[in-house]
Amino acid sequence: MKTDETVVVTGVTSGIGLACARLLIEQGSKVVGIGRREDRLDALADEFQGRFYPMCCDVRDSQSITSLINQLPDEFAAFSKLVNGAGLLQGQGTLLDVTDEQITTMLDTNVHGLINVTRAVLPKLIESGRGHVVNLTSIGAHVHYKGGHVYAASKAFVDHFGRCLRTELVGSKVRLTSVAPGKTRSEFALVQCDGDHEKADRVYSTLTPLEPVDVANSVLWALSQPEHVNINLIELMPADQELSYR
Ligand code: 8X3
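If you're wondering where the values come from, they're calculated on a predicted model, not measured in any experiment.

### Things to note about the overall build of the protein
So, point 1. Looking only at helices and strands, the protein has 9 helices and 7 strands in total.
So, point 2. A globule of 246 residues ought to have a C-alpha radius of gyration of about 18 Å, and the protein, at 17 Å, matches this closely.
So, point 3. Its C-alpha atoms give the protein principal-axis dimensions of roughly 45 × 40 × 30 Å.
So, point 4. Burial statistics for the protein: of 246 residues in total, 50% are counted as buried.
So, point 5. The contacts in the protein between residues at least 6 apart in sequence include a share of 69% that link residues at least 24 apart.
So, point 6. Summed over all atoms, the accessible surface of the protein reaches about 11800 Å², with 51% contributed by carbon and sulfur.

This is the structure we're talking about:
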């Protein structure tokens, strides 16, 4: 990847999305950052003067996403890459323990939201002649485990959606990569535990989790391969995370 590209990043206000944005900007790119929390977006715009364009929007809102993408200022309009980082897990326990609302939020964000943003930016990626989509999935897309149900299946959807989309993109100069991390220290656990810090800390208590920057390094590596190379999938996890549920 040339260092002066413009990259659209969703889920940019925390965790892996934020780590990707920071690394991209540090390496010379500009970022269109999509997130829901205006105060955090504004703080990033202040921090990265002129290199970060804050787009306050919910990925579930397809109309707003499309209209805001089409109204980007000239300095950010010629983007060529997309990092789909927005995604969440809500609730713990079995399928019967989660609420209808939590299920809807997960599916709308992880599945529909990702489709919305991908459809909104794809014409520009194709036009650029050097496009790349990176989808953040999860190790849960490849293995089954108790309590995975809706979240893990939504990530499996993204994985399969990406593989199918890739077949459409062959010849278009748009590459596509799935990055599937295991346990990563971020607000992800806090959202999963409905804001309960004690419970959220327990999610990481038995191992040394990945840090968001570990995952961002993989994303940047995939983006920086020569144009004739498509990295299909990167799966990474903490060294001491068990794979016994495979
Ligand atoms: C979540 C990763 O390992 O907690 O995306 O299931 S894991």
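### Considering the nonpolar core
So, point 1. Counting 31 residues, the largest nonpolar core has F52, V83, V179 and V219 as the members making the most contacts within it.
So, point 2. Elements with a contribution of two residues or more to this core: β1 (6–10), α1 (15–26), α2 (38–47), β5 (131–136), α9 (212–223) and β7 (233–236).
So, point 3. With 8 residues, α1 is the largest single contributor of residues to this core.
So, point 4. In this structure, V219 is in contact with C20, V83, V134, L136 and V179, ignoring residues within four places of it in sequence.
So, point 5. Grouped together as the second largest cluster of nonpolar side chains are 24 residues, A86, L122, V133 and V174 included.

### As for the sheet that holds strand β6 (residues 174–181)
So, point 1. Taken in spatial order, the 7 strands line up as β3-β2-β1-β4-β5-β6-β7 in an open sheet, and their pairing is parallel. Only two strands of the sheet have a single partner each, and these edge strands are β3 (52–56) and β7. The mean inter-strand angle of the sheet, taken between neighbouring strand axes irrespective of direction, is 15°.
So, point 2. Two elements, strand β4 (residues 81–84) and β5, share 4 bridges in a ladder whose sense is parallel. Its bridge partner being in β5, K81 is matched across the sheet by H132.
So, point 3. Lying over the sheet, α1 contacts β1, β2 (30–35), β3, β4, β5 and β6, oriented at roughly 165° with respect to β1.
So, point 4. Lying on the sheet, helix α6 (residues 149–169) is in contact with β5, β6 and β7; it crosses β6 at an angle near 165°.

### Focus on the packing of helix α3 (residues 62–70) against helix α5 (residues 100–128)
So, point 1. Running from N to C, α3 and α5 point in directions that differ by 25°, and their axes come no closer than 9 Å. Between α3 and α5, the angle is such that the two are roughly parallel. Along this stretch, α3 crosses α5, giving a crossing that reads as right-handed. Note on element contacts: α5 touches α3 through N116, V117, A120 and V121, opposite S62, I65, T66 and I69.
So, point 2. Partitioned by chemical class, the residues of the contact of α3 with α5 number 5 nonpolar, 3 polar and no charged.

### Regarding empty space enclosed by the protein
So, point 1. Evaluated as defined, the whole model comprises 1 cavity of 30 Å³ or more.
So, point 2. Forming the walls of the largest cavity are T10, V59, N84, A86, T109, G113 and L114.
So, point 3. In terms of residue count, the dominant contributor to the lining of the largest cavity is α5 (3 residues).
So, point 4. Grouping the amino acids of the lining of the largest cavity by side-chain chemistry returns 3 nonpolar, 4 polar and no charged.

### Here we look at the site of the ligand
So, point 1. Around the ligand lies a shell formed by S138, I139, Y145, Y151, P181, G182, K183 and Q241.
So, point 2. In the model, an oxygen atom of the ligand is placed 2.6 Å from a nitrogen or oxygen of the Y151 side chain.
So, point 3. A distance of 2.8 Å separates an oxygen atom of the ligand from a polar atom in the side chain of Q241.
So, point 4. When the free accessible area of the ligand is taken as 250 Å², the share hidden by the protein chains comes to 87%.

Rules used throughout
Residues numbered from 1 in each chain as written. Predicted model: local features only at pLDDT ≥ 70, side-chain atom pairs only at ≥ 80, totals over all residues. Heavy atoms only, no water. Helix = DSSP H or I, 4+ residues; strand = E, 2+ residues; numbered from the N terminus. Rg over C-alpha atoms; globule rule 2.2 N^0.38 Å. Buried < 20%, exposed > 50% of the residue type's maximum accessible area, 1.4 Å probe, protein only. Contact = heavy atoms within 4.5 Å. Areas by Shrake-Rupley, 256 points an atom, 1.4 Å probe, with all protein chains shown as cover. Core = buried A, V, L, I, M, F, W, Y, C linked by side-chain atoms within 4.5 Å. Pairing = 2+ DSSP bridges. Axes fitted to C-alpha atoms, helices over the stretch in contact; angles between N-to-C directions. Parallel < 35°, antiparallel > 145°, perpendicular 65-115°, else oblique. Left-handed = near helix turned anticlockwise from the far one by under 90°. Nonpolar A, V, L, I, M, F, W, Y, C, P; charged D, E, K, R; others polar. 1 Å grid on protein atoms, 1.4 Å probe; cavity = no way out; pocket = protein on both sides within 12 Å on 5 of 7 lines; lining within 4 Å. Points joined across faces, edges and corners; volume = space filled by probe spheres on them. Near = heavy atom within 4 Å. Polar contact = N/O pair within 3.5 Å; in protein donor to acceptor, adjacent residues only side chain to side chain.

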